[in-house]
Amino acid sequence: MTQAPSAAPRTTPLNARHRALGARMTTFGGWEMPVQYTGVGDEHRAVRTAAGLFDVSHMGEIEIAGGDALAAVQRITSNDAARLDVGQAQYSALTTPAGTPIDDLLVYRLAPEHFLLVVNAANTRKARDWITSALEGAGDAVVVDTSRRYALLALQGPRSQEILQALTAVELEALRYYTFASGEVAGVRATISRTGYTGEDGFELFVAPQAAEAVWTALLQAGAPAGLRPAGLGARDTLRLEASMRLHGQDMDETTTLLEAGLGWIVAWDKGEFTGREALAAQRAAGIERRLVGFEMLDPGIARAGYDVYADGERVGRVTSGTWAPSLGKAIGMAYVRAATSAVDTGIAVEIRGRRAQARIVRMPFYRRARS
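Let us look at the structure shown here. Every value quoted in this text rests on a predicted model; they were computed, and no experiment measured them.

### Comments concerning the pairing of strand β13 (residues 202–207)
- By the criterion of burial, β13 is predominantly enclosed, with 6 of the 6 residues buried.
- Of the two faces of β13, the one holding Gly202, Glu204 and Phe206 and the one holding Phe203, Leu205 and Val207 are both buried throughout.
- When strand β12 (residues 188–193) meets β13, the two strands line up antiparallel, connected through 3 bridges. The residue of β13 that forms the bridge with Ser193 is Glu204.

### Things to note about the sheet that holds strand β14 (residues 228–230)
- Judged by pairing direction, the sheet is mixed, and its 6 strands sit side by side in the order β11-β12-β13-β10-β4-β14 without closing on themselves. The sheet is open, and its two edges are formed by β11 (180–185) and β14, each paired on a single side. Across the sheet, the mean angle separating the axes of adjacent strands is 25° when strand polarity is ignored.
- In this fold helix α2 (residues 40–49) packs onto β4 (51–55), β10 (151–156) and β14, with an angle of close to 120° to the strand it touches most, β4.

### Side note on the layout of surface pockets
- Within this model, the second largest pocket holds a volume of roughly 450 Å³.
- Taken together, 20 residues line the second largest pocket, and the ones lying closest to its centre are Arg10, Trp31, Thr124, Ser147 and Arg148.
- Broken down by secondary-structure element, the contributors of at least two residues to the lining of the second largest pocket are β1 (10–11) and α4 (124–134).

### As for the sheet that holds strand β16 (residues 308–311)
- Ordered in space as β15-β18-β17-β16-β19-β20, the 6 strands form a closed barrel in which the pairing is antiparallel. Between one strand axis and the next, the sheet turns through 45° on average, direction left out of account.
- In the packing of helix α7 (residues 233–242) onto the sheet, the strands contacted are β17 (314–325) and β18 (330–338), and the crossing angle to β17 comes to about 125°.

### Remarks on empty space enclosed by the protein
- For the structure on display, the rule yields 1 cavity of 30 Å³ or more.
- Taken as a whole, the largest cavity holds about 30 Å³ of empty space.
- Tallied by class, the residues present in the lining of the largest cavity amount to 3 nonpolar, 3 polar and 2 charged.

Parameters at a glance
Residues numbered from 1 in each chain as written. Predicted model: local features only at pLDDT ≥ 70, side-chain atom pairs only at ≥ 80, totals over all residues. Heavy atoms only, no water. Buried < 20%, exposed > 50% of the residue type's maximum accessible area, 1.4 Å probe, protein only. Helix = DSSP H or I, 4+ residues; strand = E, 2+ residues; numbered from the N terminus. Pairing = 2+ DSSP bridges. Axes fitted to C-alpha atoms, helices over the stretch in contact; angles between N-to-C directions. Contact = heavy atoms within 4.5 Å. 1 Å grid on protein atoms, 1.4 Å probe; cavity = no way out; pocket = protein on both sides within 12 Å on 5 of 7 lines; lining within 4 Å. Points joined across faces, edges and corners; volume = space filled by probe spheres on them. Nonpolar A, V, L, I, M, F, W, Y, C, P; charged D, E, K, R; others polar.

Keep in mind that these numbers describe shape and distance, not what the molecule does.
As structure tokens, this is what we get:
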């Protein structure tokens, strides 16, 4: 019996540029993406000390508009979109009735009754279908997958503002974290959002796909004197883990609630009903039996996703993410463990290739950038 060939991965508008720059490519979330150019460590350190430029055009965009758009967003997401003014964004989640995340996302308020939801690449279709189904009969709210209208670039690092300001008339100093504005970047119409997934200051730029290469090239040229480097998914992962930012599909999924994942701060208890609220409220009242914690390795070794975690010789959980942290000079990770074993400074062991390596639970985030 022959096996049907798998679908070829999709490519972003910058695929040829990545190859021309010598990027090592990989398949992620159904997309062919650069994992690194000169090396994960080099690219990681560039973002922490100067700036890095990421192609994140694989992310999905879903828009909800109409007279009942706000009510629709309130119904399907955990955070309170009513708190957003036009030009503001917030971190939130699409939740199941069990209070578990279908996906985590950013919600942008484009107009009083027009919202843009940015979802993870691997979850775009699932999120779109879930939203469409959840909002059937919800009134005047139209759901449109607009992912093909956007390319998305992320300029991250302490020199990002300096680099970007040379290419735009938008006053970036006035753009606060989790706000956005429209303007031109290198002569190209763009939405400039002060957001990111690295733990550093930075911007995400929404542009038309056909304009992505011009903006990418202009940014690299303008940023070269400041130390800007193109960066791939490898550095994006080490950066986000140092900043304790969760990765859907690893650190949380439809088997873990927002409270277990340590994301109770994006649950707006006072906004009224939303999908999953009842389950989350019941869990909050009863107490959480397991928690996502951060840990650092004391013994040599890197704890990878799926490795078992032990305390006092008993298995108490599993690792969800683990890596060598270039900014910290140590191996770190996140794991779900029993609540009774979740206190900071608790000693644990991670089984790495048949041996139990010692580690300890620490506070998250592991890394926090200096504020000026």
